Amino acid sequence: MSRFLCRSGEAISPYTPGEQPRERKFIKLNTNECPYPPSPRVAEAILAGFDAASPVPPEIASLRLYSDPEEKVLINAIAGFYGVEEEQVIAGNGSDEILAFAFRAFCDADAPLQFADLTYGFYPALCSLFGIPYVTVPLEEDFTLDIEKYKNCGRNVIIANPNAPTGIALPLSAIEEIAVSNPEHVVMVDEAYVDFGGESAVHLLDRCENLLVIQTFSKSRSLAGCRIGFAIGNRDLIADMQRIRCSFNPYNVNRLSILAGAAAMKDREYMEQCTARIRRTREKTSEGLKNLGFTVLDSRANFLFAKCPVMSGKEYFLKLREAGILVRRWDMERICDYVRISIGSEEDMEIFLKTTKELVAQKEGAENE
Ligand SMILES: *Cc1c(COP(=O)(O)O)cnc(C)c1O
């Protein structure tokens, strides 16, 4: 820290992202990216009009211009996908930025926030950035969320559904009950993983004016590197978030990401194929781990949260790393023996299972000596 960091800057506790290795080639199962490339329409959109005659692809030449501050083609594609009005959609530089707009718009010292003790680590980080008081509610012993603790809670709420890092999903009826019971507060649903087997609360928006649905292109649409997220809600909530966006960065989504996002959103079939493939691989991997004696939570996301029967979470994590496989783990007491395993390609997951089987056998061998 420099001696110039202001007092409130000292109090901020930043989020620690998962490792992005630059050198050694790892099988990367640590940050829930999609193992498959984005829709072919994404490259087509960015390279449109490019041929031997034009020295620079037109969309690349256009990078000299600022992006559309209304992000029209992207907003239009999102609204089209979900059958909502364009005024009900706002886009951001990743859903992390969307979360920031929402927290800044709806929460402050007089409007605290409630979320689970085990959920996305960016929520408390944002609260510390904005000075938002928050209450964490412990998940149940089996990592499910008891909706009674959210009904009528008198606070704004954010729920990741499916949750991270557990992968466990709530039915829409639960989200609806929470939203209906808190009519004076905003209920935010972070649906980063919804396309892998959850149900989107977008379908509740007609009934719940206090509901805000947040999604990302980073997971199911293979565009983590483009940084695109969005929220859908009633037009007044979205207008409130536009106030924040336009006070912070009116050009928050860059030109290439606007194009890429619109193209990816229009290719519903490709997204559905990729997510179906990942779901199949998830179920196969889960079976494989259970056969080795692991505890595996019921995941509706593109990752598994699992506990090794013979090693601590830390030992298993480190041995996988030595073997060239990166997964994610946390030191928090309740989950320190679990690891979160992103679902990679079929081949990646075969190697992962084979390696795990060997590590478990080695450990058991050592113990029986
Ligand atoms: C990955 C993730 C996000 C962030 O996605 P970006 O759009 O890449 O910023 C948001 N919420 C949850 C729960 C996530 O896991």
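Here the structure is a predicted model, which is why all the values come from computation and not from measurement. (Residues numbered from 1 in each chain as written. Predicted model: local features only at pLDDT ≥ 70, side-chain atom pairs only at ≥ 80, totals over all residues. Heavy atoms only, no water.)

Participant: I tried to follow the sheet that holds strand 10 (residues 303-307) on my own but got confused; where do I start?
Facilitator: Picture the strands of a sheet paired through backbone hydrogen bonds; they go either parallel or antiparallel. Taken together, three strands build an open sheet; the order of strands is 9-10-12 and the sheet is antiparallel. Each having just a single partner strand, strand 9 (295-296) and strand 12 (338-342) make up the two edges of the open sheet. Along the sheet face, helix 10 (residues 268-291) touches strand 9, strand 10 and strand 12 and points at about 5 degrees away from the line of strand 10. (Pairing = 2+ DSSP bridges. Helix = DSSP H or I, 4+ residues; strand = E, 2+ residues; numbered from the N terminus. Contact = heavy atoms within 4.5 Å. Axes fitted to C-alpha atoms, helices over the stretch in contact; angles between N-to-C directions.)

Participant: Would you explain the nonpolar core in this entry?
Facilitator: Across soluble globular proteins, nonpolar side chains have a tendency to be buried as a group. By size, the foremost hydrophobic cluster in this structure holds 58 residues, and its most contacted members are Leu211, Phe217 and Ile232. With seven residues, the single largest contributor to this core is helix 4 (residues 72-82). When residues of this core are assigned to domains, at least three map to each of domain 1 (8-37 + 269-364) and domain 2 (40-267). Excluding anything up to four places from it in sequence, Leu211 contacts Ile175, Ala179, Val187, Val189, Ala201, Leu204, Leu205, Ile232, Gly233, Asn234 and Leu237. By size, the runner-up hydrophobic cluster in this structure holds 34 residues, among which are Cys34, Leu304, Ala306 and Tyr316. (Core = buried A, V, L, I, M, F, W, Y, C linked by side-chain atoms within 4.5 Å. Buried < 20%, exposed > 50% of the residue type's maximum accessible area, 1.4 Å probe, protein only. Domains from an automatic or database assignment.)

Participant: So what exactly am I meant to see when it comes to a negative patch on the surface here?
Facilitator: Side chains of Glu184, Glu209, Asp236 and Asp240 sit close together on the surface and give a patch of like negative charge. Considering the arrangement of structural elements, one finds Asp236 in helix 8 (residues 235-248). Under the relative-accessibility criterion, Asp236 is labelled exposed at 56%. (Patch = residues over 30% accessible without salt bridge, like charges linked within 9 Å, V, L, I, M, F, W, Y side chains within 5 Å. Areas by Shrake-Rupley, 256 points an atom, 1.4 Å probe, with all protein chains shown as cover. Salt bridge = Lys/Arg side-chain N within 4 Å of Asp/Glu carboxyl O. Lys, Arg positive; Asp, Glu negative; His and termini not counted. Charge placed at Lys NZ, Arg CZ, Asp CG, Glu CD.)

Participant: For this particular structure, what's the right way to read the site of the ligand?
Facilitator: The environment of the ligand is formed by Gly94, Ser95, Asp96, Tyr120, Asp190, Ala192, Tyr193, Thr216, Ser218, Lys219 and Arg227. For the ligand, an oxygen atom lies 2.5 Å from a polar atom in the side chain of Tyr193. Burial of the ligand by the protein chains amounts to 93% of its free accessible area of 390 Å². (Near = heavy atom within 4 Å. Polar contact = N/O pair within 3.5 Å; in protein donor to acceptor, adjacent residues only side chain to side chain.)

Participant: What is the right way to read the state of the cysteines from this model?
Facilitator: Where two cysteines share a covalent bond between their sulfur atoms, that bond is called a disulfide. Considering all chains together, one arrives at zero disulfides under this definition. For Cys107, which is in no disulfide, the shortest distance to another cysteine sulfur is to Cys127 and amounts to 6.6 Å. Take Cys153: it sits in no disulfide, and the sulfur closest to it among the cysteines is that of Cys107, at 11 Å. (Disulfide = S-S within 2.5 Å.)

Participant: How do you make sense of helix 5 (residues 95-106) when you look at a structure like this?
Facilitator: The periodicity of an α-helix, 3.6 residues per turn, causes residues three or four positions apart to be oriented the same way. With 12 residues, helix 5 extends 16 Å between its outermost C-alpha atoms, agreeing within 8% with the 16 Å of an ideal straight helix rising 1.5 Å per residue. Most of helix 5 sits out of view: 10 of its 12 residues are buried. Those residues of helix 5 that sit buried are Ser95, Asp96, Glu97, Ile98, Leu99, Ala100, Phe101, Ala102, Phe103 and Phe106. (Expected span 1.5 Å × (residues − 1).)

Participant: How should I be thinking about the packing of aromatic side chains in this particular structure?
Facilitator: Where two aromatic rings form a pair, the distance of their centres and the angle of their planes describe that pair. Per the counting criterion, the structure on display carries 16 aromatic pairs. Consider the rings of Phe115 and Tyr123, whose centres lie 5.7 Å apart with planes at 65 degrees: the pair is edge-to-face. When the centroid spacing of 5.0 Å and the interplanar angle of 85 degrees are considered together, the rings of Tyr193 and Phe303 count as edge-to-face. With Tyr193 in the loop between strand 6 (187-190) and strand 7 (211-216) and Phe303 in strand 10, this pair connects stretches of sequence that are 110 residues apart. Residue Tyr193 is classed as buried on the basis of its relative accessible area of 7%. For Phe303, a relative accessible area of 0% translates into the label buried. Linked through ring pairs, Tyr15, Phe103, Phe115, Tyr120, Phe122, Tyr123 and Tyr134 together constitute an aromatic cluster. Of note, Arg221 hangs over the ring of Phe81, and the distance from its end group to the ring centre comes to 4.8 Å. Between Arg268 and the ring centre of Phe81, over which it is positioned, the NZ or CZ distance is 3.8 Å. (Phe/Tyr/Trp six-rings, centres within 6.5 Å; stacked < 30°, edge-to-face > 60°. Lys NZ or Arg CZ within 6 Å of the ring centre and 35° of its normal.)

Participant: For this particular structure, what's the right way to read the side chain of Arg340?
Facilitator: Here Arg340 shows up in strand 12. Although buried, Arg340 forms no salt bridge, and the nearest oppositely charged side chain, Glu33, lies 8.2 Å from it. A polar side-chain atom of Arg340 sits 2.8 Å from the main-chain carbonyl oxygen of Asn30. Sequence-distant contacts of Arg340, defined by excluding residues within four places in its chain, comprise Leu29, Asn30, Thr31, Asn32, Pro165, Phe303, Leu304, Phe305, Val327, Arg328 and Trp330.

Participant: How do you make sense of the pairing of strand 7 when you look at a structure like this?
Facilitator: A regular strand places its side chains so that they alternate between the two faces of the sheet. Among the six residues that make up strand 7, six are buried, leaving the element largely enclosed by the rest of the structure. Both faces of strand 7 are covered, namely the face carrying Leu211, Val213 and Gln215 and the face carrying Leu212, Ile214 and Thr216. Here strand 6 pairs with strand 7 via four bridges, running parallel. Opposite Val187, over in strand 7, you have Leu211 as the bridge partner. Here strand 7 pairs with strand 8 (residues 229-233) via five bridges, running antiparallel. Its bridge partner being in strand 8, Gln215 is matched across the sheet by Phe230.

Participant: Would you explain the domain arrangement of the protein chain in this entry?
Facilitator: Many descriptions give the size of an interface as the accessible area lost when the pieces come together. Assigned domains of the protein chain: these are domain 1 (8-37 + 269-364) and domain 2 (40-267). Centre-to-centre separation of domain 1 and domain 2, based on C-alpha positions: 24 Å. Counting from both sides, the interface comprises 32 residues of domain 1 and, opposite them, 35 residues of domain 2. With both chains or domains summed, domain 1 and domain 2 bury close to 2600 Å², and 65% of this area falls on carbon and sulfur atoms. On inspection of domain 1 and its partner domain 2, the count reaches one salt bridge. Salt-bridge contacts for Asp117 lead to Arg334; the nearest nitrogen and oxygen are separated by 2.9 Å. Taken together, the links from domain 1 to domain 2 amount to 11 residue pairs in polar contact (both at pLDDT 80 or more). Only helix 10, strand 10 and strand 12 provide two or more residues apiece to the side of domain 1 that touches domain 2. Looking at the side of domain 1 that touches domain 2 element by element, the count peaks at seven residues for helix 10. Looking at side-chain class alone, the side of domain 1 that touches domain 2 contains 18 nonpolar, six polar and eight charged residues. (Buried area = accessible area lost by both parts, 1.4 Å probe. Nonpolar A, V, L, I, M, F, W, Y, C, P; charged D, E, K, R; others polar.)

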